[in-house]
Amino acid sequence: MARGYRFSMCRAVEKSTRNISFTHWKGGSDGIFVIACSRGECRLGQGNYRAEIRIKTVQRLLSEIGLESKRIELMHSSPDVTADELMQAIQEAAGRFSALGANPIRSAI
């Protein structure tokens, strides 16, 4: 995996998506890959659906300020996903983020 990547864990992705994303953009992250429960499997009921709506909102906001909306992605995952499959998904997302180039906010701060 490329150097400079970090992972942030949170319990309720629905509640923290917006705050995490803007904190990471200010910190210079090139992309954010959010992994949520499978649709219909969130123990908070509609949490993963709300997370999906929030990701789309962040994507829209990124576009409005001139950044690529592809800098944030959501993946629904189940407990059946193996560690290797999860790592492969993370590495693929990291590759897509790297292809977008450096976060322009990083140089502006």
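Preceding this paragraph is the structure being described.
Criteria and thresholds
- All residue numbers here refer to positions counted from 1 along the written sequence of the relevant chain.
- Predicted model: local features are reported for residues with pLDDT of at least 70 only, side-chain atom pairs are reported and counted for 80 or more only, and whole-chain, interface and lining totals are derived from all residues.
- For side-chain calculations, the full set of non-hydrogen atoms in the structure is used, while hydrogens and water are omitted.
- By definition, any uninterrupted DSSP run of H or I lasting at least four residues is a helix, any uninterrupted run of E lasting at least two residues is a strand, and each is numbered from the N terminus.
- Each residue is placed in one exposure class: buried if its accessible area under a 1.4 Å probe, protein chains only, is under 20% of its type's maximum, exposed if it is over 50%, and partly exposed if it falls in between.
- In what follows, residue pairs with any heavy atoms lying within 4.5 Å of each other are defined as contacts.
- With residues, only the protein chains shown are counted as cover, and all accessible areas are computed by Shrake-Rupley using a 1.4 Å probe.
- Multiplying 1.5 Å by the helix residue count minus one yields the expected span of that helix.
- Picture the helix axis, draw a direction to every C-beta atom, and the arc is the one those directions span.
- Should DSSP find at least two bridges between two strands, the strands are taken to pair.
- Seen with the strands pointing away from the viewer, any crossover whose path from the first strand over the helix to the second strand runs clockwise is right-handed.
- Note on terminology: a nonpolar core comprises buried Ala, Val, Leu, Ile, Met, Phe, Trp, Tyr and Cys residues joined through side-chain atoms within 4.5 Å.
- In protein, a polar contact requires one atom able to donate a hydrogen and another able to accept it; more generally it is a pair of N or O atoms within 3.5 Å, and residues adjacent in sequence count only if both atoms are side-chain atoms.
- What counts as a salt bridge is simple: a side-chain nitrogen of Lys or Arg found within 4 Å of a carboxyl oxygen of Asp or Glu.

Visitor: Run through the overall build of the chain, naming residues and quoting values.
Guide: When helices and strands are counted, the chain shows four helices and two strands. Counting helices and strands in the order they occur from the N terminus, the chain gives α-β-α-β-α-α. Relative to its full complement of 109 residues, the chain shows a buried share of 31%. Of the contacts made within the chain by residues no fewer than 6 positions apart, 67% connect residues no fewer than 24 positions apart. If you sum the accessible surface of the chain, you get close to 7,200 Å²; carbon and sulfur atoms cover 52% of it.

Visitor: Hey, could you go over helix α2 (residues 47–64) for me, with residue numbers and the actual values?
Guide: Taking 1.5 Å per residue, 18 residues should reach 26 Å; α2 reaches 26 Å between its end C-alpha atoms and fits that length. Taken together, the buried positions of α2 are occupied by Gly47, Asn48, Ala51, Glu52, Ile55, Val58 and Leu62. The buried residues of α2 all sit within an arc of 145 degrees when viewed along its axis, so they share a single face. Of the exposed residues in α2, the ones pointing more than 90 degrees away from its buried face are Ile53, Lys56 and Glu64.

Visitor: Tell me about the pairing of strand β2 (residues 72–77), and name the residues and values.
Guide: As judged from the six bridges shared by strand β1 (residues 32–37) and β2, these two strands associate in the parallel manner. The residue of β2 that forms the bridge with phenylalanine 33 is glutamate 73. Where the polypeptide runs from β1 across α2 and back to β2, its parallel neighbour, the crossover connection is right-handed.

Visitor: Please provide a residue-by-residue account of the nonpolar core, values included.
Guide: Membership of the largest hydrophobic core is limited to eight residues, which are Trp25, Ile32, Val34, Ile55, Val58, Leu62, Leu67 and Ile72. A total of three residues in this core trace back to one element, the largest contributor, which is α2.

Visitor: So, the side chain of arginine 71: which residues are in play, and what are the values?
Guide: Structurally, arginine 71 is set in the loop between α2 and β2. Relative accessible area serves as the criterion here: at 1%, arginine 71 is assigned to the buried category. Of the polar contacts made by the side chain of arginine 71, one reaches the backbone oxygen of leucine 100; its length is 3.3 Å. In this structure, arginine 71 is in contact with Trp25, Asp30, Gly31, Ile32, Leu62, Phe97, Leu100, Gly101, Ala102, Asn103 and Pro104, ignoring residues within four places of it in sequence.

Visitor: Could you give an account of the pattern of salt bridges, naming the residues involved and the relevant values?
Guide: Here the structure, examined in full by the defined rule, presents four salt bridges. Across the pair arginine 60 and glutamate 64 runs a salt bridge whose closest N-O atoms are separated by 2.7 Å. On the criterion of helical spacing, the pair formed by arginine 60 and glutamate 64 is a turn pair, its members being four residues apart in helix α2. A relative accessible area of 55% means that glutamate 64 is categorised as exposed. We note a salt bridge from glutamate 73 to arginine 96, for which the minimum N-O separation is 2.6 Å. You can see glutamate 73 sitting in strand β2 and its partner arginine 96 sitting in helix α3 (residues 83–100), a full 23 residues away along the chain. In this structure glutamate 73 comes out as buried when scored by relative accessible area, which is 17%.

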